[in-house]
Amino acid sequence: MPVLPGAEPYRHEGGEVGVLLCHGFTGTPQSLRPWAEYLAERGLTVSLPLLPGHGTRWQDLAATGWQDWYAEVDRALHDLRERCSQVFVFGLSMGGALALRLAAKHGDAISGLVLVNPGNKVHGLAAHALPVARHLVATIPGIASDIAKEGSEEVAYARVPLHAAHSLRKFFRLVDADLPQVTQPLVLLHSPQDHVVPPADSARVLGRVSSTDVREVLLEQSYHVATLDHDADRIFEESLAFLTRLAPSVGAGSTEGTATGG
């Protein structure tokens, strides 16, 4: 299947510090593309992969599971580690959960995390019904474009396939169990008004990780897809300040490099 316009993966070859960006469930790299380009313009090596089953049609997502999504970001991390002296992982929503699992599994190979509205649990009665409902109902209405900013839209599926949602639920449980193994410096930015992931998920992450270098930032003007919302510039600037503090070469980085993607 052809990739939806704007949903293409993005890669930029920059300096010795790399950033892996992980998009969310049913979403695409489009939700993080402005962030990726902001970092690339400041000399970072940037990898923003398209997760398997995403960016085409929901039927493709229904045939995948968390192992496929995680394997893709794990592969991208491996590629960055071969190229860069330091690697950071950033994530939105489920991408935040992917980042946390990478951090728990790879330890010192990851220098820090920046998470935006990270998912930690599938909430509500629907979560308990998923094991049975996924065999009876193929999809439910989508969760895309929870954005306060008028005119800003997310390239994502209009439907959520329940087989994939069931796998996501299992993945969140695994990540939650892994949280105490996360020790890296962490910036967590979350929206008090989020209609997809409640603030309780961010509180859970902050309460269970073992990181001691932690910064929490409230995104008061944005909904779930804050990277495309009113607080996008705040997210970009906070992440750059974090990188500059932990990888001083970033501040002196050049803007030269090559980018690939649609």
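Residues numbered from 1 in each chain as written. Predicted model: local features only at pLDDT ≥ 70, side-chain atom pairs only at ≥ 80, totals over all residues. Heavy atoms only, no water.

Bringing the overall build of the chain into the picture now. Of the regular secondary structure elements, the chain holds eight helices and ten strands. By the burial criterion, 53% of the 262 residues in the chain qualify as buried. Approximately 10800 Å² of the chain is accessible, and the part contributed by carbon and sulfur atoms is 52%. (Helix = DSSP H or I, 4+ residues; strand = E, 2+ residues; numbered from the N terminus. Buried < 20%, exposed > 50% of the residue type's maximum accessible area, 1.4 Å probe, protein only. Areas by Shrake-Rupley, 256 points an atom, 1.4 Å probe, with all protein chains shown as cover.)

In this structure the tally under the stated criterion is one cavity of 30 Å³ or more. Considering only enclosed or pocket space, the largest cavity measures out at about 100 Å³ in volume. In this structure, the largest cavity is lined by 13 residues; those nearest its centre are Phe25, Ser93, Ile143, Glu154 and His224. The residue makeup of the lining of the largest cavity, split by class, is seven nonpolar, five polar and one charged. (1 Å grid on protein atoms, 1.4 Å probe; cavity = no way out; pocket = protein on both sides within 12 Å on 5 of 7 lines; lining within 4 Å. Points joined across faces, edges and corners; volume = space filled by probe spheres on them. Nonpolar A, V, L, I, M, F, W, Y, C, P; charged D, E, K, R; others polar.)

What follows is about the nonpolar core. Ranked by internal contacts, the top residues of the largest apolar core, which has 41 residues, are Leu20, Phe25, Trp69, Val89, Leu98, Leu100 and Leu113. Secondary structure elements with two or more residues in this core: β2 (17–22), α3 (66–83), β4 (86–92), α4 (94–106), β5 (112–116), α6 (162–178) and β8 (186–190). The biggest single contributor to this core is α4, with eight residues. Counting 34 residues, the second-largest nonpolar core is a separate cluster that includes Val17, Leu32, Ala36 and Phe236. (Core = buried A, V, L, I, M, F, W, Y, C linked by side-chain atoms within 4.5 Å.)

The geometry of α4 relative to α6 is characterised by a closest axis approach of 9 Å and an angle of 45° between their N-to-C directions. Judged by the angle between their axes, α4 and α6 are oblique. In this structure, the crossing between α4 and α6 has a hand that is left-handed. Two secondary-structure elements touch here, α4 through Met94, Ala97, Leu98, Leu100, Arg101, Ala104 and Lys105 and α6 through Leu168, Phe171, Phe172, Leu174, Val175 and Asp178. Residue classes in the contact of α4 with α6 are distributed as ten nonpolar, no polar and three charged. (Axes fitted to C-alpha atoms, helices over the stretch in contact; angles between N-to-C directions. Parallel < 35°, antiparallel > 145°, perpendicular 65-115°, else oblique. Left-handed = near helix turned anticlockwise from the far one by under 90°. Contact = heavy atoms within 4.5 Å.)

Inspection of the entire model under this criterion finds six aromatic pairs. A ring pair is formed by Trp35 and Phe236, whose centres lie 6.3 Å apart and whose planes are at 20°; its orientation type is stacked. Taken together, the residues Trp35 in helix α1 (residues 33–41) and Phe236 in helix α8 (residues 232–246) connect sequence positions 201 residues apart. Residue classification places Phe236 among the buried residues on the basis of a relative accessible area of 6%. Of the aromatic side chains, those joined through ring pairs into one cluster are Trp35, Tyr38, Phe90 and Phe236. The aromatic ring of Tyr38 is capped on one face by Arg42, whose charged end is 3.7 Å from the ring centroid. (Phe/Tyr/Trp six-rings, centres within 6.5 Å; stacked < 30°, edge-to-face > 60°. Lys NZ or Arg CZ within 6 Å of the ring centre and 35° of its normal.)

Next up on the list: the pattern of salt bridges. Evaluated as defined, the whole model comprises 14 salt bridges. Arg245 is the salt-bridge partner of Asp213, the closest N and O atoms lying 3.0 Å from each other. Note that Asp213 is positioned in the loop between α7 (199–208) and β9 (214–218) and Arg245 in helix α8, a separation of 32 residues in sequence. By relative accessible area, which is 27% here, Asp213 ends up partly exposed. For Glu238, the salt bridge goes to Arg215, with nearest N and O atoms at 2.8 Å. A residue pair is termed long-range when its members are at least 10 positions apart, and Glu238 in helix α8 and Arg215 in strand β9 qualify at 23 residues. Here Glu238 falls in the buried class, since its relative accessible area comes to 14%. On the accessibility criterion, Arg215 (39% relative accessible area) is partly exposed. Connected through salt bridges with shared partners, the residues Arg11, Glu13 and Arg83 form a single ionic network. (Salt bridge = Lys/Arg side-chain N within 4 Å of Asp/Glu carboxyl O.)

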